[in-house]
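Each chain, written out:
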Amino acid sequence: MDEVRQWVFTICCGTLLCGVVSVLLPGKGTERLMSMILGLFMLCCFLLPAGISLELPEIDLPAAESARSQAAGELTDYFLQDTLRRSEEELADAAAKELRQYGINEKDIQIYIETDESEDGSVLGLTVNITLPEEAREHHRELVRILEYELGAQVRLEYGGEGA
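The sections below set out a description of the structure shown in this document. No experiment lies behind these values; they were computed from the predicted model shown. Position numbers for residues count from 1 along each chain, tracking the sequence in the order it is written. Local features in this predicted model are restricted to residues whose pLDDT is 70 or higher, and side-chain atom pairs enter the listing and the counts only when it is 80 or higher, whereas totals over whole chains, interfaces and linings include all residues. Side-chain figures throughout are based on the complete set of non-hydrogen atoms in the structure, without hydrogens or water.

### Details of helix H2 (residues 31-47)
- What counts as a helix is a DSSP run of H or I of at least four residues, what counts as a strand is a run of E of at least two, and both are numbered from the N terminus. Expected helix span is given by 1.5 Å per residue-to-residue step, counting one fewer step than there are residues. Along its 17 residues, H2 runs 24 Å from first to last C-alpha, staying within 8% of the 24 Å computed at 1.5 Å per residue.
- Here's how the labels work: a residue is buried when its accessible area is under 20% of the maximum for its type, exposed when over 50%, partly exposed in between, all with a 1.4 Å probe on protein chains only. By the burial criterion, the buried members of H2 are Met34, Leu38, Met42 and Cys45. For H2, the angular spread of the buried residues around the axis is 75°, confining them to a single face.
- If you follow the buried residues of H2, they end up packed against helix H1 (2-23). As used here, the arc is the angular range of directions from the helix axis to the C-beta atoms. Residue contacts follow a heavy-atom distance rule, with two residues in contact if any of their heavy atoms lie within 4.5 Å.

The structure is reproduced here in structure tokens:
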């Protein structure tokens, strides 16, 4: 008789919990998913006290943490590479805009970004290396000053690119 009482108590508590959760749902978008989850929960409430036991798989926590760390590292690397690529494109556009005033064609510019990192891997700053055509050398100081101001990073100019 105690087992029946426990079973009925579990079903009542499960029903109350499902009712509270369904009332607290934020909107219509999650209604179908939550009704399926609550239905599965209620099914478990009906079956577990009746003597049907669920065998849950053993989870190897160190292996799961290692897999999580590896996935997080791969995702972080992807976003860092994507951010670096986009930054190079934006810096190239900004530099090209400024260098057009000196008659330097956008196709003649090569930009490479170096990150200055601390020992713990955090980025301290950026250095923008720009290769320009030889004829731009006469405006070196002015170009460095303008580009550092516009790009917000240290600029290193090199010459030797082919001019148009």
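### Comments concerning a nonpolar patch on the surface
- In this scheme, patches are assembled from residues that exceed 30% relative accessible area and form no salt bridge. Like charges are connected within 9 Å, while nonpolar side chains (Val, Leu, Ile, Met, Phe, Trp, Tyr) are connected within 5 Å. To measure how exposed things are, a 1.4 Å probe is used in the Shrake-Rupley method; for residues, cover is taken only from the protein chains shown. The rule for a salt bridge is simple: a side-chain nitrogen of Lys or Arg has to be within 4 Å of a carboxyl oxygen of Asp or Glu. On the surface, Leu33, Met36, Ile37, Leu40, Leu43, Phe46 and Leu47 cluster together into a nonpolar patch covering about 640 Å² of accessible area.
- Tracing the backbone through its elements, the reader meets leucine 33 in helix H2.

### Considering the packing of H1 against H2
- For helices, the fitted line uses only the C-alpha atoms of the stretch in contact; every axis is such a line through C-alpha atoms, and the angle between N-to-C directions lies from 0 to 180 degrees. Look at H1 against H2: their axes get within 9 Å of each other, and the N-to-C directions meet at 170°. For the element pair H1 / H2, the angle class is roughly antiparallel. Judged by residue contacts, Trp7, Thr10, Ile11, Gly14, Thr15, Leu17, Cys18, Val21 and Ser22 of H1 engage Met34, Leu38, Phe41, Met42, Cys45 and Phe46 from H2.
- Looking at the contact of H1 with H2 residue by residue, the class counts come to eleven nonpolar, four polar and no charged. Each angle receives one of four descriptions, namely roughly parallel if under 35 degrees, roughly antiparallel if over 145, roughly perpendicular if within 65 to 115, and oblique otherwise. Charged means Asp, Glu, Lys or Arg here, nonpolar means Ala, Val, Leu, Ile, Met, Phe, Trp, Tyr, Cys or Pro, and polar covers whatever is left, Gly included.

### Examining helix H4 (residues 140-151)
- Helix length check: H4, at twelve residues, gives a terminal C-alpha distance of 16 Å against a target of 16 Å (1.5 Å per residue), a fit within 8%.
- When H4 is considered as a whole, its buried residues turn out to be Leu143, Val144, Ile146, Leu147 and Leu151.
- Looking one or two residues past H4, glycine 152 carries a phi angle of roughly 70°, positive in sign.

### Describing the pattern of salt bridges
- Overall, the coordinates contain five salt bridges when judged by the stated rule.
- The salt bridge involving arginine 68 is made with glutamate 65; its shortest N-O contact spans 2.6 Å. Taken as a pair, arginine 68 and glutamate 65 lie in helix H3 (residues 61-100) at a separation of three residues, close to a single helical turn.
- Residue classification places glutamate 65 among the partly exposed residues on the basis of a relative accessible area of 38%.
- A salt bridge links arginine 86 to aspartate 82, with the shortest nitrogen-to-oxygen separation between them at 3.0 Å. Here the residue arginine 86 and the residue aspartate 82 both occupy positions in helix H3, the gap between them amounting to four residues, near one helical turn.
- Residue classification places aspartate 82 among the buried residues on the basis of a relative accessible area of 16%.
- Taken together, the shared-partner salt bridges connect Asp82, Arg85, Arg86 and Glu89 into one network.

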